[in-house]
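# Observations on the model geometry
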Amino acid sequence: MARVSLDLLQQFVQVARLGNLSRAAEQANLTVSALSHQVRQLEQRLERKLFERGPRGVQLTAEGRRLLEAVGHHFEGIDRAMAGFRCRREDVLTLSAIPGVMSSWLVPRLARLVAAHPELQLNLQSSVELVNFERDPVDAAVRYGRGPWPGLVTERLFGEWIAPVASPALLARMGDADPNDLGQWPLLGDPGDRWRDWFAAAGGQPPGRYVAHFDNTDALQRGALEGMGVALGRMVMARPLVEAGLLKVLGDRYQQIPEAYFLVYPEHAKGHAGLRTFREWLLCEAGKYAQAMSSATNGEGMA
């Protein structure tokens, strides 16, 4: 077999894990064309086709899966071994968070942190991908779900509330329609099928069909902003738009859902000075937000 460099194998493993050349190239600090060339070079040296290319990314062939099984765990072992040798500056914090909470909740509050701690340098990564703390150069993450996550310190920040939201344009179009009778309104289907739970708690029946159905919360919210229909808005993302007058909550009901937001980090990161500073500030901000949401819902959120 032709000699294959570790660099080529490492790039192969990264693409195989992510299933996307663009994201893999970004993480490797390469252009997509350069990374694609390296993948083709590896395929030529091995005389095997490792990936099937498609409009939604790349998928491993049978030969690609066999190669990943053979070499993938070795690179994971190298990552674990090198983690203890990486230089970690105490005044630099790398944080990963999902895009919705990053843009709608975290970033608007960060000016207060920066003003209070100008010595702290933040590296912010917005991604829906779960962090592998043994492999990725990330100190902590804000995750959304039910928690906890095994092997990680998991600290609950605040819960999530949902409520029907609509644009002023839709309200004007609907005229005198009762905001508490959602059966009269065009509804937008959401990724978690929350309407079924909403109607079960509030009474009534979900519609037989939706105006449109979304598999992405950001796109769903955009649809509501454009007046397509009523969305069940997640308040972490929808509340700033409600306060700005771009959306309006229909009726007076809120529902707290099982999912919540958490700060997670590996046990060994507890001693990181930057993380300690950020954690103390974040828990304080989260507490204030939870109290404000409790007041906004008047303690009448449905179970």
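Residues numbered from 1 in each chain as written. Predicted model: local features only at pLDDT ≥ 70, side-chain atom pairs only at ≥ 80, totals over all residues. Heavy atoms only, no water.

Our focus in this paragraph is the pairing of strand β3 (residues 92-97). The buried fraction of β3 is high, at 6 of 6 residues. Along β3, one buried face is formed by V92, T94 and S96 and the opposite face, lined by L93, L95 and A97, is buried too. The handedness of the β3 to strand β4 (residues 121-126) crossover, carried by helix α5 (residues 99-116), is right-handed. (Buried < 20%, exposed > 50% of the residue type's maximum accessible area, 1.4 Å probe, protein only. Helix = DSSP H or I, 4+ residues; strand = E, 2+ residues; numbered from the N terminus. Right-handed = clockwise from strand over helix to strand, strands pointing away.)

In this section: the environment of N216. In this structure, N216 sits in the loop between β8 (212-213) and α8 (217-225). Exposure remark for N216: the relative accessible area of 34% places this residue in the partly exposed category. Along the backbone, N216 and P191 are 25 residues apart, and their C-alpha atoms lie at a distance of 6.1 Å. A polar contact is formed between the side chain of N216 and the backbone nitrogen of D218, at a distance of 2.9 Å. (Polar contact = N/O pair within 3.5 Å; in protein donor to acceptor, adjacent residues only side chain to side chain.)

Turning our attention to the packing of aromatic side chains. The relation between two aromatic rings is expressed through the spacing of the ring centres and the mutual angle of the planes. All chains considered together, the criterion is met by 9 aromatic pairs. With a centroid separation of 5.5 Å and 55 degrees between ring planes, the pair formed by F12 and F51 is classed as tilted. Separated by 39 residues along the polypeptide, F12 in helix α1 (residues 6-18) and F51 in strand β1 (residues 51-54) bring together distant segments of the chain. Exposure class is identical for F12 and F51. Each is buried. Both rings, one in F158 and one in Y289, keep their centres 4.7 Å apart while their planes meet at 55 degrees; by these two values the pair is tilted. Here the residue F158 occupies a position in strand β6 (residues 153-166), and Y289 occupies one in helix α10 (residues 273-296), the gap between them amounting to 131 residues. For the pair F158 and Y289, one class covers both residues: buried. Cluster of aromatic residues (ring-pair linked, three or more members): W105, Y144, F158, Y261 and Y289. Note that R234 overlies the ring of Y144, its terminal NZ or CZ placed 4.0 Å from the centroid. (Phe/Tyr/Trp six-rings, centres within 6.5 Å; stacked < 30°, edge-to-face > 60°. Lys NZ or Arg CZ within 6 Å of the ring centre and 35° of its normal.)

One pass over the full model with this rule turns up 15 salt bridges. A salt bridge links E52 to K49; its shortest N-O distance comes to 3.3 Å. You can call K49 partly exposed: its relative accessible area is 48%. For E160, the salt bridge goes to R234, with nearest N and O atoms at 3.5 Å. Placement of the pair is E160 in strand β6 and R234 in strand β9 (residues 231-234), with a sequence separation of 74 residues. When its relative accessible area of 0% is taken as the criterion, E160 is described as buried. One network of salt bridges, in which partners are shared, links R109, R112, E285 and K288. (Salt bridge = Lys/Arg side-chain N within 4 Å of Asp/Glu carboxyl O.)

Take the nonpolar core next. If you look at the biggest cluster of nonpolar residues, it comprises 43 residues, and the most contacted ones within it are L106, M235, F278 and L282. Of all the elements in the fold, those that place two or more residues in this core are β3, α5, β5 (140-145), β6, α8, α9 (235-243), β11 (255-265) and α10. Take this core: its biggest share by element is 7 residues, from α10. Once you skip the residues sitting within four places of it in the chain, M235 turns out to touch E160, W161, A163, V165, P240, Y254, Y289 and M293. In this structure, V39, L46, V58 and L67 belong to the second largest nonpolar core, which totals 21 residues. (Core = buried A, V, L, I, M, F, W, Y, C linked by side-chain atoms within 4.5 Å. Contact = heavy atoms within 4.5 Å.)

Now for the packing of α9 against α10. At a closest axis distance of 13 Å, the pairing of α9 and α10 adopts a crossing angle of 70 degrees. Compared by their axis directions, α9 and α10 come out roughly perpendicular. You can see that α9 and α10 cross each other, and the crossing is left-handed. Of the residues in α10, those touching α9 at M235, V236 and R239 are Y289, A292 and M293. For the contact of α9 with α10, the class distribution of residues is 5 nonpolar, no polar and 1 charged. (Axes fitted to C-alpha atoms, helices over the stretch in contact; angles between N-to-C directions. Parallel < 35°, antiparallel > 145°, perpendicular 65-115°, else oblique. Left-handed = near helix turned anticlockwise from the far one by under 90°. Nonpolar A, V, L, I, M, F, W, Y, C, P; charged D, E, K, R; others polar.)

Interpretation in functional terms is not warranted from these geometric data alone.
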